[in-house]
Amino acid sequence: MQTEQITPDQPASDDRAARRAVTVFPVLVLVAGAAGLVTPGTFAGWTDSVPYLLGIVMFCMGLTMTPLDFRGVAKRPWAVAIGLVAHYVIMPGLGWGIAHLLGLPPQLAAGLILVGCAPSGTASNVVTFLARGDVALSVSVATVSTLLAPLVTPPLTLLLAGAYLPVDAGSMITDILKTVLLPVLGGLAVRLVAGKYVDRVLGLMPWLSSVAVAAIVCAVVAGSASAIRSAAVTVLIAVVLHNGLGLALGYGAGKLARLGRPASRAMAFEVGMQNSGLAASLATAHFSPLAALPAAVFSVWHNISGALVAAWMSHRSRRTDDPAPALAAPVPDAVTTGDS
């Protein structure tokens, strides 16, 4: 992953690549979801492959990581800690609150809460770039939140979703270790050992990840196609509220901590955008395909909303001539966007 200073005159090629990623990915996932809904029988049996598909996504994420990502954590531990606390407090709490507010059925309530308990989505790095935010902070928070997921996501899910459905936190920890932590560390190890070869194919990683997430969504939708028609509107309302409030409260947390505008933009996306691929995998394995529906919808929506909010922030930034972030930041086309 190359690094460079984010400036108001960011190279147009990087900007185009990032915009293409956040535009094509939701379309691909929408098409996959529609295919699973229209012809669910075609994808019968795909549910068992969801953990392996997620492993591919996380391995691709590991391939894009370098020691620079961890150096950013050491440089600004306070800002990263604020981002982690905001993420793992705001989104789980919102998931629980919205499930209660809308009176969601147990399966959907547990699924929405699980989305909130997931780590940050890797697409947040690209969207932060488009928003002219602090990409270095975004990468640091996303990286650490992913590595902490085995320790944080299961107990949070047990605490908040246990009233709706039985939660086997121990089994969930094992699944996250196998499908998230090990693939990420494996990808990082391959990058460190064979970096010059990996650099040649980094451009393919976002697309491979996107295809894998699209397949996850297709499997989830096909597995609960009969129930989706009656629950789709309710789930969409829940997801829009969850994501929108997460973006707003994440930005507010950054402002409250006086991190500055670029860092606050990063906080908005690190809080409001989730690794919904992980949530879908865990919901399918531990609850049911129906419980994975909020994650599938979130997978599409948070990329659309993220791109729109980023465009608005970028426009405001150009009008007010915000100063560039103080730290170097990764070029986003080297960051995998398929977390969804």
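Residues numbered from 1 in each chain as written. Predicted model: local features only at pLDDT ≥ 70, side-chain atom pairs only at ≥ 80, totals over all residues. Heavy atoms only, no water.

**A closer look at the pattern of salt bridges**
Per the counting criterion, the structure on display carries 2 salt bridges. For the salt bridge of Asp-134 with Arg-76, the shortest nitrogen-to-oxygen distance reads 2.7 Å. Residue Asp-134 is located in the loop between α6 (123–130) and α7 (135–161), and its partner Arg-76 is located in the loop between α3 (67–75) and α4 (77–102); the two are separated by 58 residues in the primary sequence. The partly exposed category is assigned to Arg-76, whose relative accessible area is 21%. (Salt bridge = Lys/Arg side-chain N within 4 Å of Asp/Glu carboxyl O. Helix = DSSP H or I, 4+ residues; strand = E, 2+ residues; numbered from the N terminus. Buried < 20%, exposed > 50% of the residue type's maximum accessible area, 1.4 Å probe, protein only.)

**Overview of the packing of α7 against helix α8 (residues 169–193)**
Between α7 and α8, whose axes approach to 9 Å, the crossing angle comes to 160°. Between α7 and α8, the angle is such that the two are roughly antiparallel. When you trace α7 past α8, the crossing you get is right-handed. Packed against α7, whose contacting residues are Thr-146, Leu-147, Ala-149, Pro-150, Thr-153, Pro-154, Thr-157 and Leu-158, the element α8 presents Ala-169, Met-172, Ile-173, Ile-176, Leu-177, Val-180, Leu-181 and Val-184 at the interface. Looking at the contact of α7 with α8 residue by residue, the classes come out as 13 nonpolar, 3 polar and no charged. (Axes fitted to C-alpha atoms, helices over the stretch in contact; angles between N-to-C directions. Parallel < 35°, antiparallel > 145°, perpendicular 65-115°, else oblique. Left-handed = near helix turned anticlockwise from the far one by under 90°. Contact = heavy atoms within 4.5 Å. Nonpolar A, V, L, I, M, F, W, Y, C, P; charged D, E, K, R; others polar.)

**Some words on the nonpolar core**
Grouped together as the largest cluster of nonpolar side chains are 68 residues, with contacts concentrated most on Met-58, Leu-104, Leu-114, Ile-176, Ile-216 and Phe-287. Excluding its chain neighbours within four sequence positions, the residues that come into contact with Met-58 are Thr-146, Thr-179, Val-180, Pro-183, Val-184 and Asn-275. By size, the runner-up hydrophobic cluster in this structure holds 13 residues, among which are Ala-123, Phe-129, Ala-268 and Ala-310. (Core = buried A, V, L, I, M, F, W, Y, C linked by side-chain atoms within 4.5 Å.)

**Some words on the environment of Pro-119**
Assignment of secondary structure puts Pro-119 in the loop between α5 (106–117) and α6. Pro-119 sits in the buried class, given a relative accessible area of 0%. For Pro-119 and Ala-142, which are 23 residues apart along the polypeptide, the C-alpha to C-alpha distance reads 7.2 Å. Beyond its immediate chain neighbours, meaning those up to four positions away, Pro-119 contacts His-87, Tyr-88, Ser-145, Thr-146, Ala-149, Thr-153, Met-273, Gln-274, Asn-275 and Leu-278.

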